[in-house]
Amino acid sequence: MANICLVEDEQKVAAFICKGLEENNYKVKTAKDGASAKVMLQAAEFDLLILDVMLPDISGIELCRQIRQTDTKTPIMMLTALDQVQNKVSGLKAGADDYLVKPFHFIELLARIEALLRRKIVNDTEEHILEFEDLKLDTWSNIAERGGKQVALTSKEFSLLELFLRHPNKVLSREYIAEQVWKIDFDTGTNFIDVYVNYLRNKIEKGHKNKLIHTVIGMGYVLKGEK
């Protein structure tokens, strides 16, 4: 079941899209403006983003551009009531993968969503070499390297590192890490996520000046370079 984030300030339109998508077995979370969308994108992972161009606080095009600064892979579809070539071009240049003009037939929206998700599956399947700065992970051979030297990892440490490498520069909450790596709901009374992150840190950062896994107080952890 794919998770979709819908950013749409028109309540009736958002309700119509949500109802249709949920009836077709999609999970949908909605945001009514750019600010709430950014908070939502930091807290959860989505398979597809649907952004309305006309938002109350920021244009969907600018929101798309900002998202693409840290997320180059999640498919983004733009929705707009303006059927103008320049608007479409601006959206695509900002990083959108598709563009749909209102009003639209829901069956067309479904078809475009399915096409974007199929493309994402193909891309994810082909991408088995994950790299960030001097860190490299081969998910087919299960080999991790830092600076050209192999790093011995346990199964869970490997899965944790893969999660960070698939989402560089994005803050991952402890809840999300627990769900993705351990397939369980996070118990706030435990610190096992912190323990495993420290295990991983010690292995990939030993002997290196540049720290790659950083703590974001009150939010989680992020894989990023040091400026």
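Before reading on, note that the structure itself is shown above.
As the structure is a prediction and not an experimental result, all values here were calculated from the model.

Caption draft 1: The environment of Ala178, seen in detail. When you line up the elements, Ala178 lands in helix H7 (residues 174-182). Sequence separation between Ala178 and Lys32 is 146 residues, and the spatial gap between their C-alpha atoms is 28 Å.

Caption draft 2: The arrangement of the environment of Lys102 in detail. Among the secondary structure elements, Lys102 is positioned in the loop between strand S5 (98-101) and helix H5 (106-126). Once the C-alpha coordinates of Lys102 and Leu200 are considered, the two residues, 98 residues apart in sequence, prove to be 48 Å apart. Discounting residues that sit within four places of it in the chain, Lys102 has contacts with Glu8, Glu10, Val13, Asp52, Leu79, Thr80 and Ala81. A distance of 2.9 Å separates polar atoms of two side chains, one belonging to Lys102 and the other to Glu8.

Caption draft 3: Structural detail: the packing of aromatic side chains. Within the structure shown, the criterion is met by four aromatic pairs. Seen in terms of ring centroids, Tyr196 and Tyr199 are 5.6 Å apart; in terms of plane orientation they differ by 75°. Their pairing is edge-to-face. Of this pair, Tyr196 and Tyr199 both sit in helix H8 (residues 192-205), separated by three residues, roughly a single helical turn. Residue class for Tyr196 comes out partly exposed when judged on its relative accessible area of 24%. On the accessibility criterion, Tyr199 (43% relative accessible area) is partly exposed. By the ring-pair criterion, three or more aromatic residues cluster together here, those being Trp182, Phe192, Tyr196 and Tyr199.

Caption draft 4: Representation of the pattern of salt bridges within the structure. For the coordinates displayed, the defined rule picks out 13 salt bridges. Notably, a salt bridge pairs Lys102 with Glu10, separated by 3.8 Å at the nearest N-O pair. Residue Lys102 is located in the loop between S5 and H5, and its partner Glu10 is located in the loop between strand S1 (3-7) and helix H1 (11-23); the two are separated by 92 residues in the primary sequence. You can call Lys102 buried: its relative accessible area is 14%. One network of salt bridges, in which partners are shared, links Glu8, Glu10, Asp52 and Lys102.

About the cut-offs
Residues numbered from 1 in each chain as written. Predicted model: local features only at pLDDT ≥ 70, side-chain atom pairs only at ≥ 80, totals over all residues. Heavy atoms only, no water. Helix = DSSP H or I, 4+ residues; strand = E, 2+ residues; numbered from the N terminus. Contact = heavy atoms within 4.5 Å. Polar contact = N/O pair within 3.5 Å; in protein donor to acceptor, adjacent residues only side chain to side chain. Phe/Tyr/Trp six-rings, centres within 6.5 Å; stacked < 30°, edge-to-face > 60°. Buried < 20%, exposed > 50% of the residue type's maximum accessible area, 1.4 Å probe, protein only. Salt bridge = Lys/Arg side-chain N within 4 Å of Asp/Glu carboxyl O.

The quantities given are spatial measurements derived from coordinates; they are silent on function.
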